[in-house]
Amino acid sequence: SHALRAHRCCCRQLTTVAIVGAGPAAFYAAKSVLKGVEDSRVDMFERLPTPHGLVRTGVAPDHPDVKAVVNDFAAVLTDKRCNFWGNVNVVKDVSLQELQDSYSAVLLAYGAASDRSLGLPGEDLPGVHSAREFARAIIVVIVVVVVAAAAAVATAAAVATVAIDDGRDRYV
């Protein structure tokens, strides 16, 4: 809260956006603001010490597409108009009202910290999953499909290279 008050003084003239959360939705929003509004400043507030949300925790970091996304997010964080504030719990450490008073806009882009029962009939049946479980499963499926497609393209390129390198005038 003290850092926010000190930071508040320099932000009044700019278009300032506070983004609560630092997962994919928050990063894509920050990227859009920074790209679309020349005199903007974005501050991202995250409850965890590190950014990237499920991209960091939901998928193995050695997948090439995950690295590409993390690199895209890193470009957002290296923009001098963007700040990341980790270990900040909005409500406990800084109030939503303080953010609203300090910024031109406040975007709530945080994920669910845990699953929550809705008390609906059938929600405990097999095959019924929470949004968090679904999001993790979708991210894994997307990465597997993209990696498989990249492997297929690499294989096709290798076959074409071999066909061209054998000295014959044919292409595969």
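All of these numbers come straight from a predicted model, not from anything done at the bench.

## Examining the side chain of Ser-40
- Mapped onto the fold, Ser-40 is located in strand β2 (residues 40–45).
- The class of Ser-40 is buried, set by a relative accessible area of 2%.
- Here Val-37 takes part through its backbone oxygen, which lies 2.7 Å from a polar atom of the side chain of Ser-40.
- In this structure the side chain of Ser-40 is engaged in a polar contact, spanning 3.3 Å, whose partner is the side chain of Arg-81.
- Not counting chain neighbours up to four residues away, the residues in contact with Ser-40 comprise Thr-15, Val-33, Leu-34 and Arg-81.

## Here's the deal with the packing of aromatic side chains
- Applying the stated criterion across every chain, the model contains 4 aromatic pairs.
- Their ring planes at 15° and their centres at 6.3 Å tell us that Phe-45 and Trp-85 sit as a pair that is stacked. With a gap of 40 residues between them, Phe-45 in strand β2 and Trp-85 in strand β3 (residues 82–85) connect regions that are remote in the sequence.
- Residue Phe-45 is classed as buried on the basis of its relative accessible area of 5%.

## Details of the nonpolar core
- Formed by 15 residues in total, the largest nonpolar core has its most connected members in Ile-19, Phe-27, Ala-30, Val-42, Met-44, Val-76 and Cys-82.
- Looking at this core, the elements with two or more residues in it are β1 (15–20), α2 (24–36), β2 and α4 (64–78).
- Looking at which element gives the most residues to this core, the answer is α2, with 6 residues.
- Ignoring any residue separated from it by four or fewer positions in sequence, one finds Val-42 in contact with Val-17, Ile-19, Ala-30, Val-33, Leu-34, Arg-81, Cys-82 and Asn-83.
- Among the nonpolar cores identified, the runner-up in size contains 8 residues, and Ala-18, Val-20, Val-88 and Val-94 belong to it.

## Some details on a nonpolar patch on the surface
- Where nonpolar side chains cluster on the molecular surface, the patch consists of Leu-96, Leu-108 and Tyr-110 and spans about 300 Å² of accessible area.
- Relative to the helices and strands, Leu-96 resides in helix α5 (residues 96–102).

Criteria and cut-off values
- Here the residue numbering is sequential within each chain, running from 1 through the sequence in written order.
- Per-residue local features are limited, in this predicted model, to residues with pLDDT of at least 70; the limit for side-chain atom pairs, both in listing and counting, is 80 or more; totals at the level of whole chains, interfaces and linings are taken over all residues.
- Water and hydrogen atoms were dropped before computing side-chain values, which therefore reflect all heavy atoms in the structure.
- Each helix corresponds to a stretch of at least 4 residues labelled H or I by DSSP, and each strand to a stretch of at least 2 residues labelled E; elements are numbered beginning at the N terminus.
- Exposure classes here rest on a 1.4 Å probe applied to the protein chains alone. A residue is buried below 20% of its type maximum, exposed above 50%, and partly exposed in between.
- Pairing of N or O atoms within 3.5 Å defines a polar contact, subject to two protein rules: one partner must be a possible hydrogen donor and the other a possible acceptor, and residues neighboring in sequence count only if both atoms are side-chain atoms.
- Contact definition: two residues touch when any of their heavy atoms are within 4.5 Å.
- Planes of paired rings set the category: under 30 degrees apart is stacked, over 60 is edge-to-face and the rest tilted, where pairs are Phe, Tyr or Trp rings (Trp by its six-membered ring) whose centres lie within 6.5 Å.
- In this description, a nonpolar core means a group of buried Ala, Val, Leu, Ile, Met, Phe, Trp, Tyr and Cys residues linked to one another through side-chain atoms lying within 4.5 Å.
- Here a patch means residues that are over 30% exposed by relative accessible area and free of salt bridges, tied together within 9 Å if like-charged and within 5 Å if nonpolar (Val, Leu, Ile, Met, Phe, Trp, Tyr).
- Every accessible area reported is derived by Shrake-Rupley at a probe size of 1.4 Å, with residue values counting cover from the shown protein chains alone.
- Here a salt bridge means any side-chain nitrogen of Lys or Arg lying within 4 Å of a carboxyl oxygen belonging to Asp or Glu.

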